[in-house]
Amino acid sequence: MSKTVTVTGAAGAIGYALLFRIASGQLVGPDEKVRLRLLEIEPALKAAEGTAMELVDCAFPLLEAIDITADPNEAFDGANIAMLVGARPRTKGMERADLLEANGAIFQPQGKAINDHAADDIKVLVVGNPANTNALIAMNNAPDVPRERFTAMTRLDQNRAYGQLAAKLAIPLTDIEDLVIWGNHSPTMFPDLFNAKIKGPPSQKAVDAVDDMAWYENEYLPNVGKRGAAIIEARGASSAASAANAAIDHIHDWVLGADGLVSMAVPSGGQYGVPDGLVSSFPVRVSGGDYEIVEGLEVGEFAQSKIDITVNELKEEQAAVKSLGLIG
Ligand code: NAI
């Protein structure tokens, strides 16, 4: 058995941290061979070729083939998994509408190419920012693909939320479960300590274990939400290895399943009052190659007020891309 995995932005920083892990079997497990398709823009094709040479030099037994192209139709032909990493970054003086428009020019044609050429079981993960709205654009331009196959990444935010909570409580990460992110992959995201648990016995709600709402609201939320900016400040470059790691986690769990709740930004079916079709992060359960938004979780007044802020931001982005004609 083999899977065709398309990675866009393959010559970029995340691409470099991602491709070797995919080829080594960490994405879809040790029993499945992978065929890599690298999509890049023309000026970066040579760099992608260099990365492909290194992939060959790793002699990965599971790596069946590598193709490099600047044509989305070729890149997504027969793809089972698409990891859309390449995106247009915000440059100085760029307004939000310009950023959305520039990314629309990338994600609209990629959505169409996925629609026309990908395998029937295609699963799409958007990493390139603004990730939720880029996924919304691709999804709306792929009317023949079931919309739930389009997802965006909030797993890095979840992993950051685990790390910072473990440090606060001075406990191992593995003692935490069901800690998920709601909303947009942006500083407004909401890491939910009400539904997260600290393993027992007796098991305890994370918010009770912390027992410090001021810390939750004034330190934890902004520190998790702005971790990306803190990393840019410290490294002089944005998160790459941790982003690639989270992308692996996201697809690995979607394909192979996982215990407990995980965070995925997925098209809403109207759950928790999030408008139908908006791509927002939810608590999901993954098994058998599918995911399901988990309903009936506690959403109190505090959580709801935070979820409203992040979902409203997504609604604004949706309205902006609609007015630009990028979605129907
Ligand atoms: P990078 O600038 O190093 O690489 C991006 C690559 O995408 C470049 O090689 C560029 O040539 C390529 N590219 C641009 N347009 C393309 C197109 N139309 N088709 C194919 N490739 C194209 O950036 P890096 O660090 O790899 O980050 C990639 C994206 O991931 C950025 O948008 C970044 O903001 C986002 N990101 C998202 C995170 C998340 O948690 N969702 C976390 C960290 C980064």
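Rules used in this analysis
Residues numbered from 1 in each chain as written. Predicted model: local features only at pLDDT ≥ 70, side-chain atom pairs only at ≥ 80, totals over all residues. UniProt positions renumbered as here; feature names shortened; annotations may be inferred. Helix = DSSP H or I, 4+ residues; strand = E, 2+ residues; numbered from the N terminus. Buried ≥ 20, exposed ≤ 12 C-beta atoms within 10 Å, placed from the backbone. Core = buried A, V, L, I, M, F, W, Y, C linked by C-beta atoms within 7 Å. Domains from an automatic or database assignment. Contact = placed C-beta atoms within 7 Å. Near = placed C-beta within 6 Å. Nonpolar A, V, L, I, M, F, W, Y, C, P; charged D, E, K, R; others polar.

Re the UniProt feature "active site" (unreviewed entry) in the protein
Under the UniProt annotation, "active site" (unreviewed entry) lies at His 185. Of note, His 185 is situated in the loop between β8 (180-182) and β9 (190-192). Taking the C-beta count within 10 Å as the criterion, His 185 has 31 such neighbours and is therefore assigned buried.

Observations concerning the nonpolar core
One finds Met 83, Val 127, Ala 138 and Ala 247 to be the most contacted residues of the largest nonpolar core, which totals 96 residues. Shared between two domains, this core holds at least three residues of each, these being domain 1 (2-152) and domain 2 (155-318). In contact with Val 127, other than residues within four places in its own chain, are Ile 14, Met 83, Leu 84, Val 85, Met 153, Ala 243 and Ala 247.

Observations concerning the UniProt feature "domain: Lactate/malate dehydrogenase N-terminal" (unreviewed entry) in the protein
If you check UniProt for "domain: Lactate/malate dehydrogenase N-terminal" (unreviewed entry), the listed places come out as residues 5-145 in our numbering. Structurally, residues 5-145 is divided into 43% helix and 18% strand, and its ends, taken at the C-alpha atoms, are 17 Å apart.

Here we look at the site of the ligand
Every one of the 27 residues lining the ligand counts as a neighbour, but Gly 9, Gly 12, Ile 14, Gly 86 and Ala 87 are closest to it. Per-element tally for the shell around the ligand: the top contributor is helix α1 (residues 13-23), with three residues. The residue makeup of the shell around the ligand, split by class, is 16 nonpolar, ten polar and one charged. In this structure, the shell around the ligand is formed jointly by two domains, domain 1 (2-152) and domain 2 (155-318), each of which donates at least three residues.

Quick word on unusual backbone geometry
Each neighbour pair has its own omega, and for Asn 129 with Pro 130 the value is -5 degrees, a cis peptide bond. Tracing the backbone shows Pro 130 in the loop between β5 (123-126) and α5 (131-140). The omega angle of the peptide bond from Pro 201 to Pro 202 is -10 degrees, so this bond is cis rather than trans. The phi dihedral of Asp 178 falls on the positive side, at around 60 degrees, and the residue is not glycine. Take Asp 178: it is sitting in the loop between β7 (176-177) and β8. For Asp 211, which is not glycine, the phi torsion reads 50 degrees and is therefore positive. Mapped onto the secondary structure, Asp 211 falls in the loop between α7 (206-210) and α8 (213-225).

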